[in-house]
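Fold and contact review
Single-letter residue listing:
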Amino acid sequence: MPSTSPSTTAATAPAGPDRFAPGPAATSPHAYDAGLLLLRLALGLTMAAHGSQKLFGWFGGGGIDGTGQFFTMSGYPAGDAMAVVAGLTEALGGLALAVGLLTPLAAAAIVGTMVNAIAVTWGGGFFAPKGSEYELLLTAGAAALALTGPGRYAVDRFLPVLRSHRLAYGASAVVVGLLTAGVILLLRK
């Protein structure tokens, strides 16, 4: 039997990309894709639920009127219009993220919305209920999905342009989300 000592294995392992080829100890690509699916579903459906709170008053939300008043009190102009924009962005972006449709753009929508949420909660410290830890976690999760791509179990796999995710798509989408958030924050008093 051949020796499997570390020195022998390291000396005979190919240098370069082939050394990461799947083997008995390598992580299954299906495990990676299943993990991304779970993250997309949890984050996307959470955001869609938040959007439905704003739009329809579901799940104990304020609906457009109550959310609009909150936006007005938080310094945003045209509170009702901002409630509709935030609700649609969260609901549609969340649903798209959950199914893996246009994942970089869906993630960018969530990043932009959550950066504004962080700005509103920033003065309350880090921890909930008045802090920004929850919003920061949602923002980081969305940005991570934009950068990694949706995985194999996603609608994007059927779209020719997005079939093979590129880091540049994700990074560009995150930048678009951040720039959009910045423009909206400039409107805030």
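It should be noted that the structure appears before, not after, this text.
Described below are features of the structure shown in this document.

Cut-off values and rules
Residues numbered from 1 in each chain as written. Predicted model: local features only at pLDDT ≥ 70, side-chain atom pairs only at ≥ 80, totals over all residues. Heavy atoms only, no water. Helix = DSSP H or I, 4+ residues; strand = E, 2+ residues; numbered from the N terminus. Contact = heavy atoms within 4.5 Å. Areas by Shrake-Rupley, 256 points an atom, 1.4 Å probe, with all protein chains shown as cover. Core = buried A, V, L, I, M, F, W, Y, C linked by side-chain atoms within 4.5 Å. Buried < 20%, exposed > 50% of the residue type's maximum accessible area, 1.4 Å probe, protein only. Phe/Tyr/Trp six-rings, centres within 6.5 Å; stacked < 30°, edge-to-face > 60°. Patch = residues over 30% accessible without salt bridge, like charges linked within 9 Å, V, L, I, M, F, W, Y side chains within 5 Å. Salt bridge = Lys/Arg side-chain N within 4 Å of Asp/Glu carboxyl O. Expected span 1.5 Å × (residues − 1). Axes fitted to C-alpha atoms, helices over the stretch in contact; angles between N-to-C directions. Parallel < 35°, antiparallel > 145°, perpendicular 65-115°, else oblique. Left-handed = near helix turned anticlockwise from the far one by under 90°. Nonpolar A, V, L, I, M, F, W, Y, C, P; charged D, E, K, R; others polar.

So, the overall build of the chain
- The secondary structure content of the chain amounts to seven helices and zero strands.
- Scanning the chain from its N terminus toward the C terminus, one meets helices and strands in the order α-α-α-α-α-α-α.
- Long-range pairs, those at least 24 residues apart, make up 64% of the contacts in the chain with a sequence separation of at least 6.
- With an accessible surface of roughly 10,900 Å², the chain has 73% of that area assigned to carbon and sulfur atoms.

What about the nonpolar core?
- With 19 residues, the main nonpolar core has Leu43, Met47, Leu97, Ile110, Met114 and Ala142 as its most contacted residues.
- For this core, the secondary-structure elements that each account for two or more residues are helix H2 (29–56), helix H4 (79–99), helix H5 (103–121), helix H6 (133–148) and helix H7 (167–187).
- Not counting residues within four places of it along the chain, the set of residues in contact with Leu43 comprises Leu97, Ile110, Leu138, Gly141 and Ala142.
- The next biggest cluster of nonpolar side chains, apart from the first, holds five residues, and it includes Phe71, Tyr76, Ala83 and Ala86.

A few points about the packing of aromatic side chains
- This model, assessed by the stated rule, comprises four aromatic pairs.
- Arranged with centres 6.2 Å apart and planes meeting at 70°, the rings of Phe70 and Phe71 form a pair that is edge-to-face.
- Exposure remark for Phe70: the relative accessible area of 43% places this residue in the partly exposed category.
- Ring geometry for Phe126 and Phe127: centres 5.0 Å apart, planes at 85°, overall edge-to-face.
- For Phe126, a relative accessible area of 44% gives the class partly exposed.
- One aromatic cluster in this structure is built from Phe70, Phe71 and Tyr76.

Considering the side chain of Thr67
- Structurally, the position occupied by Thr67 is in helix H3 (residues 63–73).
- If sequence neighbours within four positions are ignored, Thr67 has contacts with Gln53, Lys54, Gly62 and Ala83.

Points about a nonpolar patch on the surface
- Among the surface-exposed residues, Val99, Leu101, Leu102, Leu105, Val155 and Phe158 lie close enough to one another that they form a single nonpolar patch of about 540 Å² accessible area.
- Topologically, Val155 is positioned in the loop between H6 and H7.
- Residue Val155 is classed as partly exposed on the basis of its relative accessible area, which comes to 33%.

Description of unusual backbone geometry
- With an omega of 15°, the peptide bond between Ala128 and Pro129 qualifies as cis.
- Its location among the elements puts Pro129 in the loop between H5 and H6.
- The residue Phe59 is not glycine, and still its phi comes out positive at about 55°.
- Within the secondary structure, Phe59 is located in the loop between H2 and H3.
- Overall, Phe59 belongs to the exposed group, its relative accessible area being 61%.
- A positive phi angle is found at Ala78, which is not glycine, with a value near 50°.
- Residue placement: Ala78 occurs in the loop between H3 and H4.

Concerning the environment of Ala78
- Residue Ala78 is classed as exposed on the basis of its relative accessible area of 52%.
- Separated by 10 residues in the primary sequence, Ala78 and Gly68 place their C-alpha atoms 7.6 Å from one another.

Structural notes on H4
- Look at H4: 30 Å from first C-alpha to last across 21 residues, which is about the 30 Å you get at 1.5 Å a residue.
- Looking at H4, one finds that the buried residues are Gly79, Met82, Ala83, Ala86, Gly87, Glu90, Ala91, Gly93, Gly94, Ala96, Leu97 and Ala98.
- Against H2, H3, H5, H6 and H7 lie the buried residues of H4.
- Where H4 ends, the next residue or the one after it, Gly100, has phi of about 75°, a positive value.

Quick notes on the packing of H2 against H6
- At a minimum axis separation of 11 Å, H2 and H6 run at an interaxial angle of 135°. Viewed along their axes, H2 and H6 adopt a mutual orientation that is oblique. When you trace H2 past H6, the crossing you get is left-handed. Note on element contacts: H6 touches H2 through Tyr134, Leu138, Gly141, Ala142, Leu145 and Thr148, opposite Tyr32, Leu36, Leu39, Arg40, Leu43, Thr46, Met47 and His50.
- Across the contact of H2 with H6, the residue classes tally to nine nonpolar, four polar and one charged.

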